[in-house]
Structure formats: C-alpha cells, structure tokens
Amino acid sequence: MQRQLANMKQTLFDQGYLDEQFIQLEELQDDANPNFVEEVVTLYYRDSARLIQNIEQALEKSPLDFSKLECLMHQFKGSSSSIGAKRVKSECTQFKEHCRVGNADGCKRTFQQLKKEYATLKKKVEVYFQFARQIGPVEKACRSK
Amino acid sequence: MGMAAADGQFHVLAVDDSLIDRKLIERLLKTSSFQVTTVDSGSKALEFLGWHGSERNMFNETSISPKIHQEVEVNLVITDYCMPGMTGYDLLKKIKESAFLRDIPVVIMSSENVPSRITRCLEEGAEEFFLKPMKLSDVNKLRPHMMRTKFKNENEKPEKEEIITIGEADSDMEKIQRAQSLQQHNNNNDNDDDNNNNTKRKSMDEGLSPDRTRPRYSDLTVMSN
C-alpha cells in the first residue's frame, strides 16, 4: 500500500503536476503538525476559487483591464508556486505574458487551459490524500512498533 | 543549536499579504525553532514594531521621547516584496530610516528574480534577498543575522566558529565572507554602520551579490519564466 502511495506521488511528479515544492511541504509535516500539507492545499483551493471567479469576471469586461488581470494572475501564480502546482503555475506564466502584450484572445484561451489544469490537479491530489488517509493509521501502527 | 538554546528563542516578524505564504513561512520558521508573528501588511508590521506615525527621520523636529515602547523584541523582519499599499521595499526603508528600528535585520522575499530589485533592496540595507518559495535551507541562513545583532546589543563577542557552522553556507566563499564580516564586526564593535557598508560593498563588488543569490539563479534557469 505504501508503495502504491509512493507510486501515485511519483506519477504526479513525472507528469509534471507537482514539483519539488510539494516535497518541501511534506517535510514540514510532523507529528505535531500531521495535517500541514492538507491544510495548505485546502487554503490553496479556497484562494484559487476566489481568484478564478475574479479573473472570470474581469475577462468579461470590455476592454480588458490587463493590469488588473496580471495582478490577479500574479497572486494565483504565487500560491500555485508555493504548493508546487507546476502545470498550473506555467499556465499562469503564459497568461501573464499575454497580459503584458495585451493579447485578449491569448488570455481567454490560456485561462480555459488553466482551469482545466487546475481541475485535474485538484482531482488527482484529492485521490492522493484520500489514499494517504486510508493507509495513514496503518503507517502509524507500524512506527510505534 | 546550542547557541540558540543558550540565548532563548529568536522572534521573527513575517510580513506577507498571501495567506498561503504566511502559513508556509510560519511553519518554516517554527520548524527552525523561531518564535513567529505573521502580519499581512507593511503598516501592520510597523504597528507591531511600535513605530509611531509621528516619528520622523532625524531631520524633522519631533518632540517624541526617544524611548520606543516595543512590547515584544523582534530579532528579524522577513517580508514579501510585492504587497499592495506598502511594498516590502517601502517597509524596509521605513525600518532603516527609523533610529529605533534600523538595527533590526530585514530580509526580503520575492517571487520574481529582478536583479535591479535585488540590488535596490540590498543597498537599502536588507541583509538578504530570497526567491520564493522559501525553503528550509533558506531559513537556516537567517540565524547568523539575528545573532550578529543580538550580540551587538548585548555587547558580547560572538564565537566566530560556532556562528559559521550554524545554518548551511552554500559555499566556502560564503563561509569566508561571514567570517570576514564578523571579524570586521568584532573590530568595529561600535560601528555598525561600517559593518553594514562593508557587507553592502561586498555585495556591490561581487555584482548583485552572486554568492548570496547564486543558488537562486541556478534554480531559476531550470524554471523557465
């Protein structure tokens, strides 16, 4: 089971969904803070939902306020980077680039892509955590031996 | 580790408008046995530090008594650069311009690697500049800055050797640099300005303090931006 979990994680890395920062988060988790990673990721979901909504609204305006969009995306990129959400982060970078050159279509296209990546990441990470939770207690029992 | 235990805990004030980053930096700092206070803006940081709006720089008249009432001692301020309203740079400036706060070491974090930004901050008196996201190895570099100031305040001479081995120096160059600046500090005990200048000059001489930021630069070449 442990190996399955490790494989799951490895796949997430190999497919570029997560990067080394996620490992940094895991290293900060300990017995005193056993749910640290999940807590941070939950905060990320909440924050992201708010940002996605704001960006969506901003994209409906005409003409687009590129500096506002870039600012929102800067926040999104920052938090994605902080949890190791590699693919989402790279979509954020692309979006910012479109903002910089005032490419409205580029922004809208990239945003769709970003939402897709975000949704996929969320699903995969949820599965990972669910699995980890299942085998968690077993792991602890082994450790106490 | 022994040094920290002997001196009691260091208290770090972390400033970041992002909730996630505040949670992260708090965990990083606590893992390294620092006491932590987090605030979400530069103005709240100044409030916490006991900076009063009516305190001016030495060129303005002020009748405020020079006794600052700082409830809690802060040994280091770590701040994000990009924040709405008062940026990390603005906060750094205010701290360094304040007669009562300027001895507190300030460290800047940023998600963007902009050489001119880094230079500006170091010139203004920031001890170091880190690229986000911060890692444990970065946090390990904070302790020497806090110890240098604490010892100066308590008028004790630091044991050079121990300070060099605490935290991870990325390179021998950095170890030598630290030893040199400590040597300088010991020689000019009352002259912290000199010390600051020496450190700054070192950074300038090496051009954007490559030793301090080298690991970050190499990180960044991997992460195409």
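Criteria and cut-off values
All residue numbers here refer to positions counted from 1 along the written sequence of the relevant chain. Lettering of chains starts at A and numbering of ligands starts at 1, both following the order in which they are written. Where local features are concerned, this predicted model is filtered to residues with pLDDT of at least 70; where side-chain atom pairs are given and counted, the filter is 80 or more; whole-chain, interface and lining totals use all residues. The basis for the side-chain values is all heavy atoms of the structure; hydrogens and waters are excluded. UniProt positions are given in the numbering used here, feature names are shortened, and annotations may be inferred rather than shown by experiment. Residue contacts follow a heavy-atom distance rule, with two residues in contact if any of their heavy atoms lie within 4.5 Å. Buried area: the accessible surface (1.4 Å probe) lost by two parts on joining, summed over both. Within 3.5 Å is the distance limit for a polar contact, defined as a pair of N or O atoms, with the added protein rule that one can donate a hydrogen and the other accept it, and that residues adjacent in sequence qualify only through two side-chain atoms. The secondary structure listing takes helices from DSSP runs of H or I that are at least 4 residues long and strands from runs of E that are at least 2 residues long, numbered from the N terminus. Amino acids are sorted into nonpolar (Ala, Val, Leu, Ile, Met, Phe, Trp, Tyr, Cys and Pro), charged (Asp, Glu, Lys and Arg) and polar (every other residue, Gly among them). Nine residue types can take part in a nonpolar core, namely buried Ala, Val, Leu, Ile, Met, Phe, Trp, Tyr and Cys, and a core is a set of them joined through side-chain atoms within 4.5 Å. In this scheme, a residue with accessible area under 20% of its type's maximum is buried, one over 50% is exposed, and one in between is partly exposed, where area comes from a 1.4 Å probe on protein chains only. Comment: arc refers to directions from the helix axis out to C-beta atoms. Only the stretch in contact is used when a helix axis is fitted, and all axes are lines through C-alpha atoms; the angle between N-to-C directions ranges over 0 to 180 degrees. In these notes the angle categories are as follows: under 35 degrees is roughly parallel, over 145 is roughly antiparallel, 65 to 115 is roughly perpendicular, and the rest is oblique. Crossing handedness follows the turn of the near helix against the far one: under a right angle anticlockwise gives a left-handed crossing, and clockwise gives a right-handed one.

Going by an unreviewed UniProt entry, chain A carries the name Histidine-containing phosphotransfer protein and comes from Salvia splendens. As its UniProt record puts it under Function (unreviewed entry), chain A is described as follows: "Functions as a two-component phosphorelay mediators between cytokinin sensor histidine kinases and response regulators (B-type ARRs). Plays an important role in propagating cytokinin signal transduction."

Enquirer: Could you give an account of the interface of chain A and chain B, naming the residues involved and the relevant values?
Expert: Contact residues are listed per partner, giving 22 residues for chain A and 17 residues for chain B. Between chain A and chain B lies a buried interface of about 1,700 Å² when both sides are counted; carbon and sulfur atoms form 62% of it. Area buried by chain A at its contact with chain B is led by A:Leu28, A:Leu43 and A:His74, which between them contribute 30% of it. Counting the contacts that link chain A with chain B gives 4 residue pairs in polar contact (both at pLDDT 80 or more). Among the elements of the structure, helix H2 (20–27), helix H3 (36–60), helix H4 (66–83) and helix H5 (86–101) of chain A are those that each provide at least two residues to the side of chain A that touches chain B. Here the side of chain A that touches chain B is composed, by residue class, of 7 nonpolar, 8 polar and 7 charged.

Enquirer: A description of the nonpolar core should follow, citing residues and the corresponding values.
Expert: Counting residues in hydrophobic clusters, the biggest one holds 62 residues, and the most contacted among them are A:Tyr44, A:Phe76, B:Leu29 and B:Ile78. Among the elements that take part in this core, H3(A) stands out by supplying 12 residues, more than any other. Setting aside chain neighbours within four positions, we find B:Ile78 in contact with B:Val12, B:Leu13, B:Ala14, B:Val15, B:Ile25, B:Leu29, B:Val107, B:Met109, B:Met134 and B:Leu142. Within the second largest apolar cluster, 26 residues are counted, among which are B:Leu13, B:Trp51, B:Ile95 and B:Ile108.

Enquirer: Residues and numbers for the UniProt feature "modified residue: Phosphohistidine" (unreviewed entry) in chain A, please.
Expert: Per the UniProt record, the feature "modified residue: Phosphohistidine" (unreviewed entry) sits at A:His74. Inspection of the secondary structure puts A:His74 in helix H4. Excluding anything up to four places from it in sequence, A:His74 contacts A:Lys96, B:Cys82, B:Ser111 and B:Glu112.

Enquirer: Before we move on, can you summarise helix H3 (residues 42–49) of chain B with the specific residues and values?
Expert: Residues and elements named next belong to chain B. Listed in full, the buried residues belonging to H3 are Gly42, Ala45, Leu46 and Leu49. Relative to the axis of H3, the buried residues are bounded by an arc of 95° and lie together on one face. For H3, the elements touching its buried residues are strand S1 (11–15), strand S2 (35–39), strand S3 (76–80) and helix H4 (88–97). Backbone geometry just downstream of H3 places Gly50 in the positive-phi region, at approximately 85°.

Enquirer: Any chance you could break down the packing of H4(A) against helix H2 (residues 19–31) of chain B for me, citing the residues and the numbers?
Expert: Where H4(A) contacts H2(B), the two axes come as close as 9 Å, and the packing angle between them is 30°. By the angle class used here, H4(A) and H2(B) are roughly parallel. Handedness of the H4(A)/H2(B) crossing: left-handed. Each of A:Ser79, A:Ser82 and A:Ile83 in H4(A) lies in contact with H2(B), whose residues at this interface are B:Ile20, B:Asp21 and B:Leu24. Residues of the contact of H4(A) with H2(B), tallied by class, amount to 3 nonpolar, 2 polar and 1 charged.

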